[in-house]
Amino acid sequence: MVLLLHKLALPLKFPSNHRSSGDPSASLRNFRSRISGFITQTWSKPEPGPEKYFLSQTGFDRCFELIQTTNRAFAKLVVEIDHPVSRWSGKLTESYLSHTLISLDILNAVSSSVSHLNQAKISISHAVSLIQKSSPPPSSAAAIRLNKIAGENPSCKKFKSEGLSSSSSSSSIRLQERPGFENEESVVLQALVLCKKIVLMALGSVLSGLCGDGKMYVEIKKLAGGFDDSLIKDLDFRFRQEIQGNTIVMEEVKEINNAIEEFSMEELKIRLNKLENLIESVEKQANHLFSEILAARNKLLDNLRL
């Protein structure tokens, strides 16, 4: 049997030995239960100090973990109901390609935002080095280089003006309908719709935090058709509570700006190391997820061209 494009690359890892559950509706409930269990376990843990569910490295890590959990649950669902890509309708295939293309667009924006944040970190680190090397009191030339990290990331403006892609690149490929699997098809499509909402909510949270702009999250939320599913409604509410106005500041950036205000070089070095950890973590996870999604899309497109 052909599994979902021979495991449909890394984001959709399927066990090699499987049997159809015989009840697509039960598999859909199990799919939702797996995601619900992860959300409950991960976001219900008490946090020390002020609650920061999203706007920090811990929050970003949780968002990427939620995406991976959702992808694995989707893969398991497809295997359980025995509905490989070879049986997918044109509508389902097009929906998957569109969803993954939008995800790639957002991940590109995340990478650009991380790069800009890294440049700001390097600039501050250089200023700190000059200040520490100068004779006390520090020279005005060195001190003037020590600028706070701007609230809104300018690298995101281009992304906002260009907007997000809402159609897949497969329009040149003829997609044939495959009747006879209406029940399985409906279940997979329902699961895919939820996957899209979860992935866009998670990536929207990360991108909005990196951009320092709450309007970015609102735009992505509209693109997803809202985050009104019961599984993620509470997470959406928590994120919106964390946003104060349209300009938002990550915890790590706030700590650096506070240290700059206090002109505490030792504290600033500690906070810069913390920001560097965030940058490395987001960059690694975003690149990994981008590679997985791109590999899955390419395998699916290659299959369609056969």
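So, how was this worked out
Residues numbered from 1 in each chain as written. Predicted model: local features only at pLDDT ≥ 70, side-chain atom pairs only at ≥ 80, totals over all residues. Heavy atoms only, no water. Helix = DSSP H or I, 4+ residues; strand = E, 2+ residues; numbered from the N terminus. Buried < 20%, exposed > 50% of the residue type's maximum accessible area, 1.4 Å probe, protein only. Contact = heavy atoms within 4.5 Å. Expected span 1.5 Å × (residues − 1). Phe/Tyr/Trp six-rings, centres within 6.5 Å; stacked < 30°, edge-to-face > 60°. Salt bridge = Lys/Arg side-chain N within 4 Å of Asp/Glu carboxyl O.

Asks: Now, about the environment of Tyr53: what can you tell me, with residues and values included?
Replies: Here Tyr53 shows up in the loop between α1 (24-43) and α2 (57-80). The class of Tyr53 is buried, set by a relative accessible area of 13%. Considered as a pair, Tyr53 and Arg238 are 185 residues apart in the sequence and their alpha carbons are 7.4 Å apart. For Tyr53, the residues in contact, after removing those within four places along its chain, are Trp43, Gly59, Arg62, Arg238 and Glu242.

Asks: An account of helix α9 (residues 251-262) is needed here, citing residue identities and associated values.
Replies: The end-to-end C-alpha separation of α9 is 17 Å, in line with the 16 Å expected for 12 residues at 1.5 Å each. Listed as buried for α9 are Glu252, Val253, Glu255, Ile256, Asn257, Ala259 and Ile260. Those residues of α9 hidden inside the fold are in contact with α2, α3 (90-133) and α10 (265-305). After α9 finishes, the residue Phe263 shows a positive phi value of roughly 55°.

Asks: Tell me about the packing of aromatic side chains, and name the residues and values.
Replies: For any pair of aromatic rings, the description rests on two quantities: the centre-to-centre distance and the angle between the ring planes. For the structure shown, the criterion picks out six aromatic pairs. On the basis of an interplanar angle of 55° and a centroid distance of 5.7 Å, the ring pair of Tyr217 and Phe227 is categorised as tilted. Of this pair, Tyr217 sits in helix α7 (residues 214-223) while Phe227 sits in the loop between α7 and α8 (233-242), and the two are 10 residues apart along the sequence. One exposure class covers both Tyr217 and Phe227, and it is buried.

Asks: Summarise the pattern of salt bridges; cite the residues concerned and give the values.
Replies: Scanning the model with the defined rule gives 11 salt bridges in all. With a closest N to O distance of 3.0 Å, Arg238 and Asp234 form a salt bridge. Placement of both Arg238 and Asp234 in helix α8 is noted, with a separation of four residues, approximately one turn of the helix. Its relative accessible area of 40% is what places Asp234 among the partly exposed residues. Between Arg240 and Asp236 there is a salt bridge, with the nearest N and O atoms lying 3.2 Å from each other. Highlighted residues: Arg240 and Asp236, both in helix α8, separated by four residues, approximately one helical turn. Connected via shared salt-bridge partners are Glu255, Glu267, Arg271 and Lys274.

Asks: Describe unusual backbone geometry, and please don't skip the residues or the numbers.
Replies: Of note, the phi angle at Asp82 is positive, near 55°, even though the residue is not glycine. Structurally, the position occupied by Asp82 is in the loop between α2 and α3. By relative accessible area, Asp82 is classed as buried at 15%.

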